[in-house]
Each structure stands twice: as structure tokens, then as C-alpha cells.
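# Chains, contacts and geometry: an overview
What follows is each chain in one-letter form.
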Amino acid sequence: MTTNVDFWFDPLCPFAWITSRTMLEVQKVRDIRVTWHIMSLAYLNEDKDISDSYRAGLADAWKPVRVCMAVEQAYGQERLADLYTALGTRKHTLGADKLDATLITAALVETGLPSTLVDAMEDQSYDDAIRTSHREGMDQVGHDVGTPTIAIDGQAFFGPVLTRIPKGEDAGTIWDGAVALSSFPYFAELKRSRQSELVFD
């Protein structure tokens with residue numbers, strides 16, 4: 001039986017990127033169907049007490065998610081996933097400094113999408129749809145967490161947070177554990193300190 005998975009991401013988040021690539025590995029070894037959704041780190045943190053450096057890093061964070069929403073609305077889920085892969089590869093795997101107009105335009109062109117969609121970076125008319133998508137994920141897990149947020153057949157949780165992308169059956173085993181824990185509505189948290197740098201390959 002196919003397991004339906006909803007995955008919320010902000011393309012800026014390196015942890016969401018690693019977990020999203022893990023989901024692609026899981027799809028090779030488990031019968032799952034992933035639906036991709038947009039959340040916004042800028043929206044999540046707009047009223048929070050965060051460091052000045054982190055807030056500065058979020059200064060332009062609305063812009064790439066607006067382009068993602070423009071693509072989802074005009075072209076649907078499959079193309080949203082394609083764009084996320086193109087953006088994340090440039091930002092995280094290749095180490096680009098910013099998700100700026102040049103990078104986003106290149107990602108659009110690579111995925112066969114109109115380069116004019118880059119204009120959505122400055123279009124605040126997408127923000128309400130972004131907030132709605134964001135709340136659909138965050139309201140299920142609470143607002144003291146972020147991305148990645150995953151819902152499995154209606155049971156949602158934050159994570160799993162990983163420092164590298166597991167391959168093959170390792171990804172499947174991690175997924176099995178996440179599914180098992182999420183099936184208990186009274187399960188809340190399992191955590192330990194991160195002890196290694198992030199690896200994106």
C-alpha cells in the first residue's frame with residue numbers, strides 16, 4: 001500500500017534539503033508518494049526573538065519562496081519539485097551564497113520554466129498563499145519547530161534532521177523508524193546534539 005507523504009520546505013534551509021534528498025532515496029526502496037509544499041522561514045521567524053545575524057540571513061527569504069509558489073500555481077507539483085531540486089543543488093550542494101535573481105533564473109531555465117517567473121521574487125501577491133501553505137504544515141506540529149516538516153497519512157512531525165543523505169536501504173530504515181514513531185499521537189520528541197558538519201553529497 002502506498003504511503004502518502006506531505007513535505008514542507010523552504011529552499012533556503014539546508015536541513016530540509018538533506019531530508020528532501022533522503023525522501024528521494026526512500027522512494028527507491030519504499031512505496032511512498034511525496035507531495036511537496038512550501039513553508040517560509042521568514043514568516044516562521046518574523047515575530048520571534050532571533051539573533052541579528054540570523055535575521056539578516058532571512059532578509060530576502062521571501063523572494064525564492066514566492067517564485068516557488070508562482071511555479072506551483074502555474075505548473076503544479078511536479079514542476080515545483082523540479083525547481084526545488086535546481087535551487088537546492090545550487091544553494092546547498094554547490095554552495096552558492098544566496099538564492100538571488102541570477103541563481104533563480106538559472107534554475108528556472110534548467111528546469112524548462114519561463115525565466116520571467118523570476119519577477120515573482122518581488123510580487124507580494126503570492127504571500128497569502130505562502131502563509132496558507134506554511135500554516136497547513138506548521139499548525140500540525142506547533143510553531144516552535146521549522147523545516148523539514150513531514151506528514152504521513154495525516155500524522156505530522158518535525159524532522160528527521162540529518163547531517164548527511166543516507167542512501168538505499170539506510171534511507172529506508174530511517175524512514176521506517178520515523179513512520180513507527182509518528183504513528184503514536186503521544187510521541188513528542190527524540191533529539192540529540194548535532195556532532196558533525198552537514199554533508200550534501
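Residues numbered from 1 in each chain as written. Predicted model: local features only at pLDDT ≥ 70, side-chain atom pairs only at ≥ 80, totals over all residues. Heavy atoms only, no water.

- Going by what an unreviewed UniProt entry lists, the chain is known as Rv2466c family mycothiol-dependent reductase and is assigned to Microlunatus ginsengisoli.

## Some details on the pattern of salt bridges
- Enumeration according to the criterion identifies nine salt bridges in this entry.
- In this structure, the salt-bridge partner of Glu122 is Lys63, at a minimum N-O distance of 3.2 Å. Highlighted residues: Glu122 in the loop between helix 6 (101–110) and helix 7 (127–141) and Lys63 in helix 4 (residues 62–75), separated in sequence by 59 residues.
- Its relative accessible area of 56% is what places Glu122 among the exposed residues.
- A relative accessible area of 21% places Lys63 in the partly exposed class.
- Salt bridges linked by common partners bring Arg30, Glu169 and Asp176 together as one network. (Salt bridge = Lys/Arg side-chain N within 4 Å of Asp/Glu carboxyl O. Helix = DSSP H or I, 4+ residues; strand = E, 2+ residues; numbered from the N terminus. Buried < 20%, exposed > 50% of the residue type's maximum accessible area, 1.4 Å probe, protein only.)

## Here's the deal with helix 6
- What helix 6 keeps buried is the set Leu103, Ile104, Ala107 and Leu108. Along the axis of helix 6, the buried positions cluster into a sector of 135°, meaning they face one direction only. Exposed residues pointing more than 90 degrees away from the buried face of helix 6 are listed as Thr102, Val109 and Glu110.
- Where helix 6 is buried, its residues contact helix 4 and helix 5 (77–93).
- Note on helix 6: the residue one or two positions beyond its end, Gly112, has a positive phi of about 75°. (Arc of directions from axis to C-beta. Contact = heavy atoms within 4.5 Å.)

## Some details on the sheet that holds strand 4 (residues 155–158)
- Spatially, the four strands line up as an open sheet ordered 2-1-3-4, and their pairing is mixed. The open sheet terminates on both sides in strands that have one partner only, identified here as strand 2 (32–38) and strand 4. Geometrically, the sheet is characterised by an average inter-axis angle of 20° between neighbouring strands, direction not taken into account.
- Where strand 1 (residues 3–9) meets strand 3 (residues 149–152), four bridges bridge the pair, whose relative direction is antiparallel. Each bridged residue has a counterpart across the sheet, and for Val5 the counterpart in strand 3 is Ile152.
- Against the sheet, helix 1 (residues 14–29) contacts strand 1, strand 2 and strand 3, and its axis sits at roughly 155° relative to strand 2.
- Docked against the sheet, helix 4 engages strand 1 and strand 2, running at close to 125° with respect to strand 2. (Pairing = 2+ DSSP bridges. Axes fitted to C-alpha atoms, helices over the stretch in contact; angles between N-to-C directions.)

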